[in-house]
Amino acid sequence: MKTIVQLTGNQGSGRGHQATLQNGLSPRVWMGTPDVSGKIANMHDFAGQQVIVCGAGRGIGRACALAFAEAGASVCIISRTEADLLQVAELGRKNFAAENQIVVGDLTTDAGREALFEKCPQPEILITNSGGPKPGNFQKFEREDWLQAFDENMVSLVLLIKEAAQRMTLRKYGRIVNITSSAVKAPLPFLALSNAARSAFTSAVSGLARELAPQGITINNVLPGPTDTERLRSNFEYRASKSGVAVEDLMEETLKKIPCNRFGKPEEVAHAVMMFAHKNAGFITSQNLLVDGGAFPGAI
């Protein structure tokens with residue numbers, strides 16, 4: 001049975017549109033819902049969109065910056081190290097004819113965040129990404145270590161999201177994707193600072209996502225597992241120095257726990273980020289996606 005229904009949302013003119021359903025269910029149409037009919041949207045369709053990528057000089061942040069540049073976005077990249085950013089920008093120009101905007105700054109400071117939004121005042125997509133706190137025995141950490149970890153991996157990121165969301169609200173659209181860690185779901189030994197700060201941040205943005213959803217803004221998190229980056233290698237080196245076990249042996253031990261039998265690639269994490277950042281992902285918010293090769297043993 002076909003049922004003709006009148007749409008109540010503002011689709012184009014907002015009046016006179018009809019939808020044909022194959023059953024008798026009454027649809028609920030939300031005002032501002034994007035048109036996702038027809039063929040599946042190209043995941044690399046970001047032409048002209050304003051994207052901010054944090055921690056873009058190395059590793060996963062760098063992979064995200066280059067992926068968005070390849071997809072046609074206008075990308076603003078920020079990190080503390082100018083040489084890294086210049087290298088990323090050069091790769092974008094050489095490979096994709098992209099002109100990335102560069103901001104050298106510290107996002108844990110007001111000045112760093114102000115400089116970022118001066119360069120990119122109307123972001124449509126924000127990718128947060130911060131280097132994790134130092135590893136170590138929690139009994140050796142002092143109050144200052146905990147405060148620094150939470151400032152760098154929670155408080156400063158929430159302030160960044162606050163500023164971006166205020167600007168996104170003006171156009172009733174935005175995509176915020178946070179790159180955190182699989183340790184949010186499965187805390188790791190010797191990473192107490194990271195476990196605590198990232199878990200607190202994940203909990204905080206879960207509530208923020210629900211507050212911002214009516215404004216057309218989504219917030220989601222990508223949780224990478226062991227990924228081939230400098231951070232992973234430094235963690236192995238730290239564990240080796242404390243245990244007396246060779247780095248290569250520790251790596252082999254870790255690989256045995258990953259069903260895919262390898263470490264992830266930064267580009268694979270970037271693809272997950274782009275899925276959440278896409279314009280047609282507007283009905284996905286407050287979600288945590290593991291990108292860990294199946295290492296997490298739970299069903300949910």
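Everything that follows concerns the structure shown earlier in this document.
Basis of the calculations
Residues numbered from 1 in each chain as written. Predicted model: local features only at pLDDT ≥ 70, side-chain atom pairs only at ≥ 80, totals over all residues. Heavy atoms only, no water. Helix = DSSP H or I, 4+ residues; strand = E, 2+ residues; numbered from the N terminus. Buried < 20%, exposed > 50% of the residue type's maximum accessible area, 1.4 Å probe, protein only. Contact = heavy atoms within 4.5 Å. Areas by Shrake-Rupley, 256 points an atom, 1.4 Å probe, with all protein chains shown as cover. Disulfide = S-S within 2.5 Å. Expected span 1.5 Å × (residues − 1). Axes fitted to C-alpha atoms, helices over the stretch in contact; angles between N-to-C directions. Parallel < 35°, antiparallel > 145°, perpendicular 65-115°, else oblique. Left-handed = near helix turned anticlockwise from the far one by under 90°. Phe/Tyr/Trp six-rings, centres within 6.5 Å; stacked < 30°, edge-to-face > 60°. Pairing = 2+ DSSP bridges. Polar contact = N/O pair within 3.5 Å; in protein donor to acceptor, adjacent residues only side chain to side chain.

Draft legend 1. Representation of the overall build of the chain within the structure. If you tally the helices and strands in the chain, you get eight helices and nine strands. For the chain, the residues scored as buried account for 41% of the 300 residues in total. Expressed as a percentage of contacts within the chain between residues at least 6 apart in sequence, the contacts between residues at least 24 apart total 69%. Entry remark: accessible area of the chain is about 16,000 Å², with carbon and sulfur atoms responsible for 54%.

Draft legend 2. The state of the cysteines, seen in detail. For the structure shown, the criterion picks out zero disulfides. Residue Cys 76 stays outside any disulfide, its sulfur separated by 5.1 Å from that of Cys 120, the closest cysteine.

Draft legend 3. Focus on helix H4 (residues 143–169). Here H4 contains 27 residues, and its C-alpha end-to-end distance of 37 Å stays within 8% of the 39 Å for a straight helix at 1.5 Å per residue. Regarding H4, the residues found buried are Asp 145, Ala 149, Asn 153, Ser 156, Leu 157, Leu 160, Ile 161, Ala 164, Ala 165 and Met 168. Turning to H4, the residues buried within the fold contact strand E3 (50–54), helix H3 (110–119), strand E6 (125–129), strand E7 (174–179), helix H5 (192–212) and strand E8 (217–224).

Draft legend 4. Up close: the packing of helix H6 (residues 230–243) against helix H7 (residues 247–255). Two elements in contact, H6 and H7, have axes separated by 9 Å at closest approach and are oriented at 115 degrees. When the axis of H6 is compared with that of H7, the two are roughly perpendicular. Handedness of the crossing formed by H6 with H7: right-handed. Contacts between H6 and H7 pair Phe 236, Glu 237, Arg 239, Ala 240 and Ser 243 from the former with Val 247, Leu 250, Met 251, Glu 253 and Thr 254 from the latter.

Draft legend 5. The side chain of Thr 227, seen in detail. Within the secondary structure, Thr 227 is located in the loop between E8 and H6. According to the relative accessible area criterion, Thr 227 is buried, its value standing at 4%. When neighbours within four sequence positions are excluded, Thr 227 is seen to be in contact with Ile 60, Leu 232, Gly 264, Lys 265, Pro 266 and Val 269.

Draft legend 6. Looking closely at unusual backbone geometry. The phi dihedral of Phe 190 falls on the positive side, at around 70 degrees, and the residue is not glycine. Relative to the assigned elements, Phe 190 resides in the loop between E7 and H5. Although it is not a glycine, Asn 261 sits at a positive phi angle of roughly 60 degrees. Note that Asn 261 resides in the loop between H7 and helix H8 (266–277). Exposure remark for Asn 261: the relative accessible area of 56% places this residue in the exposed category.

Draft legend 7. Quick look at the packing of aromatic side chains. Under the counting rule described, the total for this entry stands at four aromatic pairs. Taking the centre distance of 6.1 Å and the plane angle of 90 degrees together, the rings of Phe 141 and Trp 146 count as edge-to-face. Relative to Phe 263, the ring of Phe 236 has its centre 5.9 Å away and its plane inclined at 50 degrees; by these criteria the two rings are tilted. Placement of the pair is Phe 236 in helix H6 and Phe 263 in the loop between H7 and H8, with a sequence separation of 27 residues. Residue class for Phe 236 comes out buried when judged on its relative accessible area of 4%.

Draft legend 8. Expanded view of the environment of Asp 84. With respect to the helices and strands, Asp 84 occurs in helix H2 (residues 82–96). Given the relative accessible area of 13%, Asp 84 is considered buried. Sequence separation of Asp 84 and Ala 56 is 28 residues, and the distance between their C-alpha atoms is 8.1 Å. Excluding residues that lie within four positions of it along the chain, Asp 84 makes contacts with Gly 57 and Arg 58.

Draft legend 9. Broad picture of the environment of Ala 295. When you line up the elements, Ala 295 lands in the segment after strand E9 (288–291). For Ala 295, a relative accessible area of 28% gives the class partly exposed. In this structure Ala 295 touches Lys 257, Ile 258 and Pro 259, once residues within four positions along its chain are discounted.

Draft legend 10. Representation of the environment of Leu 208 in the model. Its place among the elements puts Leu 208 in helix H5. Judged by its relative accessible area of 22%, Leu 208 falls in the partly exposed class. In contact with Leu 208, not counting residues within four places along its chain, are Val 158 and Ile 219.

Draft legend 11. Structural detail: the pairing of E6. Burial analysis of E6 places five of its five residues in the buried class, the great majority of the element. Every second residue of E6 is oriented toward a common face, with Ile 125, Ile 127 and Asn 129 on one face and Leu 126 and Thr 128 on the other, all of them buried. Pairing of E3 with E6 involves three bridges; the strand directions are parallel. Looking at the pairing, Val 51 lines up with Ile 125 of E6.

Draft legend 12. Highlighting the side chain of Asn 129. Summarising the element assignment, Asn 129 is placed in strand E6. In terms of polar contacts, Asn 129 uses its side chain to reach the backbone carbonyl oxygen of Cys 54, at 3.3 Å. Within the structure, the side chain of Asn 129 is placed 3.2 Å from the backbone oxygen of Gly 55, a separation counted as a polar contact. Setting aside residues no more than four positions away along its own chain, Asn 129 makes contact with Cys 54, Gly 55, Gly 61 and Ile 179.

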